[in-house]
Structure formats: structure tokens, C-alpha cells
Amino acid sequence: MTASLPFASRLSKVETSAIRELFKLLGKPGIISFAGGFPDAAMFDVDGIREAANAALEQEPGAALQYGATEGYGPLREQIASMMAGKGVRGVQANDLIVTTGSQQALDLIGKTMISPGDKVIVEGPTFLATIQCFRLYGAELISAPVDGEGVQPDALEDLIREHQPKLVYLIPTFGNPTGATLTLERRKRVLALAAKYQTLFVEDDPYGDLYFDAPPPPSMLALSSEVDGSRDWLVHCGSLSKVLSPGLRVGWLVGPKSLMANAVMCKQFSDAHTSTFAQATAAQYLHSGRMPDTLAKVRKVYAERARTMCDALERELGTALSFVRPGGGLFVWGRLTGQGGKVADGNEFAKRAIEQGVAFVPGTPFFAADADKATLRLSFATADLQRIEEGVQKLARAL
Ligand code: PMP
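Predicted, not measured: the structure shown is a model, and the values here were computed from it.

Student: Looking at this structure, I do not really get the packing of helix α2 (residues 46–59) against helix α11 (residues 277–289). What am I missing?
Tutor: Two elements in contact, α2 and α11, have axes whose closest approach is 8 Å; the angle formed by their N-to-C orientations is 115°. By the criterion of interaxial angle, the relationship of α2 to α11 is roughly perpendicular. Where α2 crosses over α11, the two elements pack in a sense that is right-handed. Taken together, the residues of α11 that come into contact with α2 (itself represented by G48, I49, A52, A53, A55, A56, L57 and Q59) are F278, A281, T282, Q285 and Y286. Of the residues contributing to the contact of α2 with α11, the split by class is nine nonpolar, four polar and no charged.

Student: Any chance you could explain the packing of aromatic side chains here in plain terms?
Tutor: For any pair of aromatic rings, the description consists of the separation of the ring centres together with the inter-plane angle of the planes. The tally for this structure, following the rule as stated, stands at six aromatic pairs. Taking the centre distance of 5.9 Å and the plane angle of 75° together, the rings of Y208 and F332 count as edge-to-face. One end of the pair, Y208, is in the loop between β7 (201–205) and α9 (221–224); the other, F332, is in strand β11 (residues 332–337), and 124 residues separate them in sequence. One exposure class covers both Y208 and F332, and it is buried. Measuring from ring centre to ring centre gives 6.0 Å for F213 and F381, while their planes differ by 65°; the resulting arrangement is edge-to-face. Highlighted residues: F213 in the loop between β7 and α9 and F381 in the loop between β14 (376–380) and α14 (386–399), separated in sequence by 168 residues. Take F213 and F381: they sit in the same class, and that class is buried. Here the aromatic residues W334, F367 and F368 are joined through ring pairs into a cluster of three or more.

Student: In this structure, what is going on with the sheet that holds strand β9 (residues 251–255)? I would like to understand it.
Tutor: Two modes of strand pairing occur in sheets, parallel and antiparallel, and in both the strands are linked by backbone hydrogen bonds. Ordered by their spatial adjacency, eight strands build an open sheet running β2-β9-β8-β7-β6-β3-β4-β5, and the pairing between neighbours is mixed. Either end of the sheet is taken by a strand with one partner, and the two such strands are β2 (97–101) and β5 (151–152). Pairing geometry for strand β8 (residues 235–240) and β9, over four bridges, is antiparallel. What sits directly across from S240, in β9, is G252. Against the sheet, helix α8 (residues 185–198) makes contact with β4 (141–148), β5, β6 (168–171), β7 and β8, and its axis sits at roughly 145° relative to β7, the strand it touches most.

Student: What is the right way to read unusual backbone geometry from this model?
Tutor: Excluding glycine, a negative phi dihedral is what most residues carry, and trans is how most peptide bonds are arranged. Cis geometry is adopted by the peptide bond preceding P126, which originates at G125 and carries an omega value of 15°. With respect to the helices and strands, P126 occurs in the loop between β3 (120–125) and α6 (129–137). Residue P178 is reached from N177 by a cis peptide bond, and omega for that bond is 15°. Checked against the element boundaries, P178 lands in the loop between β6 and α8. For F175, which is not glycine, the phi torsion reads 50° and is therefore positive. Note that F175 resides in the loop between β6 and α8.

Rules of the game
Residues numbered from 1 in each chain as written. Predicted model: local features only at pLDDT ≥ 70, side-chain atom pairs only at ≥ 80, totals over all residues. Heavy atoms only, no water. Axes fitted to C-alpha atoms, helices over the stretch in contact; angles between N-to-C directions. Helix = DSSP H or I, 4+ residues; strand = E, 2+ residues; numbered from the N terminus. Parallel < 35°, antiparallel > 145°, perpendicular 65-115°, else oblique. Left-handed = near helix turned anticlockwise from the far one by under 90°. Contact = heavy atoms within 4.5 Å. Nonpolar A, V, L, I, M, F, W, Y, C, P; charged D, E, K, R; others polar. Phe/Tyr/Trp six-rings, centres within 6.5 Å; stacked < 30°, edge-to-face > 60°. Buried < 20%, exposed > 50% of the residue type's maximum accessible area, 1.4 Å probe, protein only. Pairing = 2+ DSSP bridges.

Okay, structure coming up:
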């Protein structure tokens, strides 16, 4: 007999992700997966990372293998600061950011430092599933703000802020997960003005901004915050090397108001003490080596081709049964079943039928914190090659 353990009450607020349950089905041989939320392993610059790891061990074995500062490894903080400066971020020095164990930890630290049970938090509807779960674990009551093909709608967001006076607002403004949508320049400025006007903390989660296809996205809200009076004081920005270099390195970062950073560092001390020094030294060497621009050019090109192939095939094979906006970057196409011509209109039902046809994707429902739109679904074009994408979309058409 197994004894039942008296788990913390906070666990009642979360459940195992529906996506994980779906992943169990992916073991089926031959299945084409559009379900993952990760980059293609074939894209990893293994030689470059090997050289960087060797350089870290040769040049700084003490730092790479010893305990390190909670705030992060100095040379990596320098590299990240200069990378951000290259993308128009002004006034952020190495000391103004902390390295986190993936941007996932940055989000966790924001939750840990800011959210008390019962606090209201506004997120996009839909948004990144792990953030929903993480903020709920801290007791947040989530409120869902409407989005369209250009990201969150500022007027509706302002109404929600007035009504709920949230503790914070969490946005993925660039090639969002799951929508692939990008907030326009004009909306970014309006959203920053809302942060300053209502003195409300805004989180900009930005792991995908570098993964653009044809043209770069508008500058990050962090970059634009120097143009919108008072907004920098109410903005926290999370970045990551996961989608452009390697998620296994677990290197992310957090830039925010000084008081928040101090509390985040304190909480990180009690959590993992610091992000792996070996991973940080390897990442620092990699960024120093100058290989990043070529790596970025390569991943952008490959994902752009895959996205185009998937969108063309979806239009051709599914026609008016699925509506979607072509993403300008990132890893995802977000679609909505129209039900036209008597075709299936429920994402969960479609996902089941698709698995039977040998193709997997994630239905949209779990990405909503409230009022889920059951007709939605997320397709990732990142990990299948062009031929498999074509085949997978044909299978989707058969499942309609
Ligand atoms: N934010 C978003 C929107 C994501 O999609 C992901 C990864 N799926 C993360 C944060 C976390 O990424 P990491 O911890 O690997 O940096």
C-alpha cells in the first residue's frame, strides 16, 4: 500500500500539462510531429559549442567548474549586455542583468518575488503554458487579455488594467508562443505608456525575437522603453539562448528594476545558487568566438523555409477549413478551425483524428488561462524537414 503524502496545498492549483500527456502518444512509430515547442537539434552548432567548451576548460577551468556568483558569470553578462546593445537597448550594462537557468527560471523568479496568493495577473489569451502554471503555483488569479494577429489589443488591455489593477502584465510581444504574432511598433509604445500610466509591472518575455525570417521585428519593449517616459521603471525583460543556440545550455537572463533584481538574486540563492558555471563559461566563449551571426543566419533561413512550406501547404490542403496568420518568425503557426463545409471545428477532436492519421500537434485549449477558444491549435514547423511538413499537412487534411 502506498501512503498518501501531505503535499503542499499550492499543488492543487496546477496539473500535469495536457501537452505532456499528448507527448506520450508521440512514441508511435512514424508519427510526424508538429507538436514540439523546441528548436531542431540538427540546427545546433555542435563544433562551435565543443570549441567553446574546450576554450572554457583551457582558459578558465577554475571559473568554469567552481561555484560562481548568483548574478552570473561576468564575461557572459558582458556578452549579453553587448548583444542587447546591438539590438538597440540603451543603458543596460553587464551589472544590470542577471543570468538565469533558462528564461523559464527568470519567469519563476518574477512569480516568486512578485505574486502573492490572490494577486491578479494579466496574460495574453492564449499564452505560454508554463507561465500559466508557474504563476498559478504562486497563487495568481489569471486574467486573459484578447489578442489578434498583431498581438495584444491595447484598448482592451487598458480596460482590464483599470478593472482589475493587476500585480503584473505578462506579454510575449515577438513571435509569441503559441500565436506566432508580433506586437506592432505602435502597440509596443502604447503598451509601454500603459505601464508608466498605471505604474504596473510589465513582463516582456522575448526568447524568439532573433528568429525572424525576412525582416527584423520592431525593437523590443526594453529597447523602446528609453523613448517612453517612465516605462523602464515598470518593465522586466527576459531573454534566452535556448531557441537560437541550445536549450540544453539553460542560459537565460533577466533585466528589470533594481529592487526586483535584488529580490530575484536573493531567491535564486536559495534555489539553484547560480546557473551552471560550465554552461555560462561555454556560452560566453561561444558569443566571444564570433560564430553567433552565422548561426543565426542559418537558423533563420531554415525556419523561414519551413514556415513558408507549412503555410503554403496549409492553404493548399486545408483551404478555408483553417484560418491563420503567417508568422514573421519564431517556431509556430497558430490556427483556428472554421468548421466550414461541415469540417471538424474542435481542436481536441482534430488532434485525436490527426494522431490516427500519423501527425501530431497541440490543440489550443491548454494555452488559455480562461475562456479557451476550442477551435484553435498550434503547429510547430521547427523540427520536421520540408518533405515531412508537406506529408504532415496532407495527413492533417485527411483528418479534417
Ligand atoms: N518563454 C517562452 C514564451 C517560451 O516559449 C519558452 C520555451 N518554450 C520559454 C520562455 C523558456 O525557455 P528557456 O527556459 O529554455 O529559456
